[in-house]
Amino acid sequence: PQATVLASDLSGEALEVARANARALSANLHPFRADLLEACRADWLDLVVCNPPYVPEEEAAGLPREVRDYEPAIALLGGPRGIGFYGRLFAGAARALRSGGWLIVELGYRSRPEVEPLAGPEWSSRIVEKDLAGFERVLVLRKRR
């Protein structure tokens, strides 16, 4: 309950939904418009949780209709291979997180082998969590102390 939660997004519409949800839940949420962690000061955050766009562009047409037709492409598509945002995210998180801070990031269902090496040496701990179907879907990193 004492946590201060910051929520960044490029989409003004997504930020309005976040604000409405925060009001409805009386949550201590501060949504702001930014590209990933660019607006965050260095050594400022304890935890970053991110669900980046990770769908490869060539797979967009095969997404379920309820996703493809209602979610904006900017929220889904992560470039040709679906990993376009991860390098920038890892670099931004390494800068914005305090020593010992955590980054939790969702992965595309087959992307771990390409994504994990992008994290670099700034991380002391790497944990991979599987989803209910057994796919490696969450990467948990801890910034070196």
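Up top is the structure these notes are about.
Attention here is on the structure that accompanies the text. If you're wondering where the values come from, they're calculated on a predicted model, not measured in any experiment.

Examining the overall build of the chain
When its secondary structure is counted, the chain shows 5 helices and 6 strands. Each helix and strand of the chain, placed in order from N terminus to C terminus, yields the pattern β-α-β-β-α-α-α-β-α-β-β. Overall size of the chain, expressed as C-alpha extent along the three principal axes, is 40 × 40 × 30 Å. Relative to its full complement of 145 residues, the chain shows a buried share of 33%. Long-range pairs, those at least 24 residues apart, make up 61% of the contacts in the chain between residues at least 6 apart in sequence.

A few points about helix α1 (residues 12-25)
Its 14 residues give α1 an end-to-end C-alpha distance of 20 Å, which sits within 8% of 20 Å, the value for a rise of 1.5 Å per residue. Three or more residues of α1 are buried, namely Leu15, Ala18 and Ala22. Buried residues of α1 fall within an arc of 60 degrees about the axis and therefore sit on the same side. With respect to the buried face of α1, the exposed residues turned more than 90 degrees away are Glu13, Arg23 and Ala24. In the core, the buried residues of α1 are packed alongside β1 (5-9) and β2 (29-33).

What about the sheet that holds strand β3 (residues 45-50)?
Ordered in space as β3-β4-β6-β5, the 4 strands form an open sheet in which the pairing is mixed. Two strands lie at the open edges of the sheet, namely β3 and β5 (123-130), each paired on one side alone. Within this sheet the neighbouring strands show an average axis-to-axis angle of 10 degrees, counted without direction.

A word on the pairing of strand β4 (residues 97-106)
Note that β3 and β4 share 5 bridges and pair parallel. Across the sheet, residue Val49 finds its bridge partner in β4, namely Ile104.

Comments concerning the environment of Asp131
Structurally, the position occupied by Asp131 is in the loop between β5 and β6 (136-143). For Asp131, a relative accessible area of 27% gives the class partly exposed. Once the C-alpha coordinates of Asp131 and Tyr109 are considered, the two residues, 22 residues apart in sequence, prove to be 8.9 Å apart. Separated by 3.0 Å, the side chain of Asp131 and the backbone nitrogen of Ala133 make a polar contact.

A word on the pairing of β5
Sheet analysis places β5 next to β6, joined by 7 bridges and oriented antiparallel. Residue pairing across strands places Lys130 opposite Glu136, the latter belonging to β6.

What about the side chain of Arg137?
Along the chain, the position of Arg137 falls in strand β6. Within the structure, Arg137 has its side chain in polar contact with the side chain of Tyr54 (distance 2.6 Å).

Section: the pattern of salt bridges
This structure, assessed with the given rule, holds 13 salt bridges. In this structure, Glu59 and Arg110 form a salt bridge, with 2.6 Å as the shortest nitrogen-oxygen distance. One end of the pair, Glu59, is in the loop between β3 and α2 (65-68); the other, Arg110, is in the loop between β4 and α5 (112-115), and 51 residues separate them in sequence. Taking relative accessible area as the criterion, Glu59 reaches 25% and is therefore assigned partly exposed. Among the salt bridges present, the one from Arg137 reaches Glu106, with a minimum N-O distance of 2.9 Å. One end of the pair, Arg137, is in strand β6; the other, Glu106, is in strand β4, and 31 residues separate them in sequence. Because the salt bridges share partners, they merge into one network encompassing Arg112, Glu116, Arg126 and Glu136.

Conventions and cut-offs
Residues numbered from 1 in each chain as written. Predicted model: local features only at pLDDT ≥ 70, side-chain atom pairs only at ≥ 80, totals over all residues. Heavy atoms only, no water. Helix = DSSP H or I, 4+ residues; strand = E, 2+ residues; numbered from the N terminus. Buried < 20%, exposed > 50% of the residue type's maximum accessible area, 1.4 Å probe, protein only. Contact = heavy atoms within 4.5 Å. Expected span 1.5 Å × (residues − 1). Arc of directions from axis to C-beta. Pairing = 2+ DSSP bridges. Axes fitted to C-alpha atoms, helices over the stretch in contact; angles between N-to-C directions. Polar contact = N/O pair within 3.5 Å; in protein donor to acceptor, adjacent residues only side chain to side chain. Salt bridge = Lys/Arg side-chain N within 4 Å of Asp/Glu carboxyl O.

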